[in-house]
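Structure at a glance
Residues per chain are reported as follows:
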Amino acid sequence: NRNITNQNEIDSDITIHELSQKKLRFNLMSYHRIKKRIRPDVIISFQTIYNLFASLEKKIFCSKIPIIATEHDEFLNKIQNWNPIYRAIFQYSFNEISLIIAPSVGLKNEIVNSGLINDLDVEKIGNPVVNKRLLDYEPTGEFDYLKNPDEFLICGGGRLTSNKNISLLIRAFQNLKTNIPCKLVIFGDGPEKTKLVKLVQELNLNNHV
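Residues numbered from 1 in each chain as written. Predicted model: local features only at pLDDT ≥ 70, side-chain atom pairs only at ≥ 80, totals over all residues. Heavy atoms only, no water.

Within the protein chain, the regular secondary structure consists of eight helices and six strands. Listing each helix as α and each strand as β along the protein chain from the N terminus yields α-β-α-β-α-α-β-α-β-α-β-α-β-α. Its C-alpha atoms give the protein chain a radius of gyration of 21 Å, clearly above 17 Å, the size a compact globule of 209 residues would have. Seen through its principal axes, the protein chain has C-alpha atoms that stretch 60 × 40 × 30 Å. Relative to its 209 residues, the protein chain shows a buried fraction of 28%. For the protein chain, contacts bridging at least 24 residues in sequence account for 62% of all contacts bridging at least 6. (Helix = DSSP H or I, 4+ residues; strand = E, 2+ residues; numbered from the N terminus. Rg over C-alpha atoms; globule rule 2.2 N^0.38 Å. Buried < 20%, exposed > 50% of the residue type's maximum accessible area, 1.4 Å probe, protein only. Contact = heavy atoms within 4.5 Å.)

See the structure below:
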């Protein structure tokens, strides 16, 4: 979908190929035609449902193009909660993936030990990629407090959802701040935000989080 919020951040050398339908399950032929036209060397997919979509197309059309799939969270729980049709498609096609990337050892072990995949390579590559541009970044304005050498800074980032358990981080930080001068910075958004802001207020951490 071209109507993405950060399209202006995408390098002009990158070509966007838009799928024809709004719902993913109706785009198998559209995706197949794009693949056939541009003939990529490799497909890199992200998130379980899109990994499943890519592997199904490869299975149906006997494609030889390898798929590298990235999984990020709750692999086993997610698939167990799928409806029977999606689970059947998973069992039918997911072994078409050449390599699965997980950002942590814990998730890698969960995938390997899930009993849902056989003979698939799983590798751990951590997040994020740190480059010179990030290392040279100088915070300004509202982020000036990041440069305070007298305070220890703890950063957490991710979706503000219950499974991320950001509330545990906040409660743990409350114990830490009584011993050393520090701040907690949380980057992210999601359905738990209001609840987490309220928790910060209840714990009298407004000037620290």
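Here we come to the pattern of salt bridges. Within the structure shown, the criterion is met by four salt bridges. Residues Glu96 and Lys59 are paired through a salt bridge, measuring 3.7 Å at the closest nitrogen-oxygen approach. Remark: Lys59 occurs in helix α2 (residues 48-61) and Glu96 occurs in the loop between α4 (84-93) and β3 (99-102); sequence separation between them is 37 residues. On the accessibility criterion, Glu96 (21% relative accessible area) is partly exposed. With relative accessibility at 26%, the residue Lys59 sits in the partly exposed group. The closest approach of N and O atoms between Glu192 and Lys195, which form a salt bridge, is 4.0 Å. (Salt bridge = Lys/Arg side-chain N within 4 Å of Asp/Glu carboxyl O.)

Next up on the list: the packing of aromatic side chains. Summed over the entire model, instances satisfying the criterion amount to six aromatic pairs. Between Tyr31 and Phe53 the ring centres are 5.1 Å apart and the planes differ by 50°, which places this aromatic pair in the tilted class. Remark: Phe53 occurs in helix α2 and Tyr31 occurs in helix α1 (residues 28-38); sequence separation between them is 22 residues. Here the two residues Tyr31 and Phe53 agree in accessibility, since each one is buried. For the pair Trp82 and Tyr86, a centre-to-centre distance of 5.9 Å together with 70° between the ring planes defines the contact as edge-to-face. By way of ring pairs, the aromatic residues Phe75, Trp82, Tyr86, Phe90 and Phe94 are connected into one cluster. Above the face of the Tyr92 ring, Lys59 is positioned so that its terminal group lies 5.3 Å from the ring centre. (Phe/Tyr/Trp six-rings, centres within 6.5 Å; stacked < 30°, edge-to-face > 60°. Lys NZ or Arg CZ within 6 Å of the ring centre and 35° of its normal.)

Next up on the list: the packing of helix α7 (residues 166-177) against helix α8 (residues 193-202). Where α7 meets α8, the closest approach of the two axes is 10 Å, and the angle between their N-to-C directions is 15°. The angle between α7 and α8 falls in the class roughly parallel. For the crossing formed where α7 meets α8, the hand is right-handed. Contacts between α7 and α8 involve Ile166, Ser167, Ile170 and Arg171 from the first element and Leu196, Leu199 and Val200 from the second. Class assignment for the residues of the contact of α7 with α8 results in five nonpolar, one polar and one charged. (Axes fitted to C-alpha atoms, helices over the stretch in contact; angles between N-to-C directions. Parallel < 35°, antiparallel > 145°, perpendicular 65-115°, else oblique. Left-handed = near helix turned anticlockwise from the far one by under 90°. Nonpolar A, V, L, I, M, F, W, Y, C, P; charged D, E, K, R; others polar.)

Turning our attention to the sheet that holds strand β2 (residues 67-70). Strands sit in the order β1-β2-β3-β4 across an open sheet of four strands; the sheet is parallel. The two strands at the open ends of the sheet, each matched to only one other strand, are β1 (43-46) and β4 (121-124). The sheet shows a mean angle of 25° between the axes of neighbouring strands, direction not considered. Sheet strands touched by helix α5 (residues 105-112): β3 and β4. Its angle to β4, the strand with the most contacts, is close to 170°. (Pairing = 2+ DSSP bridges.)

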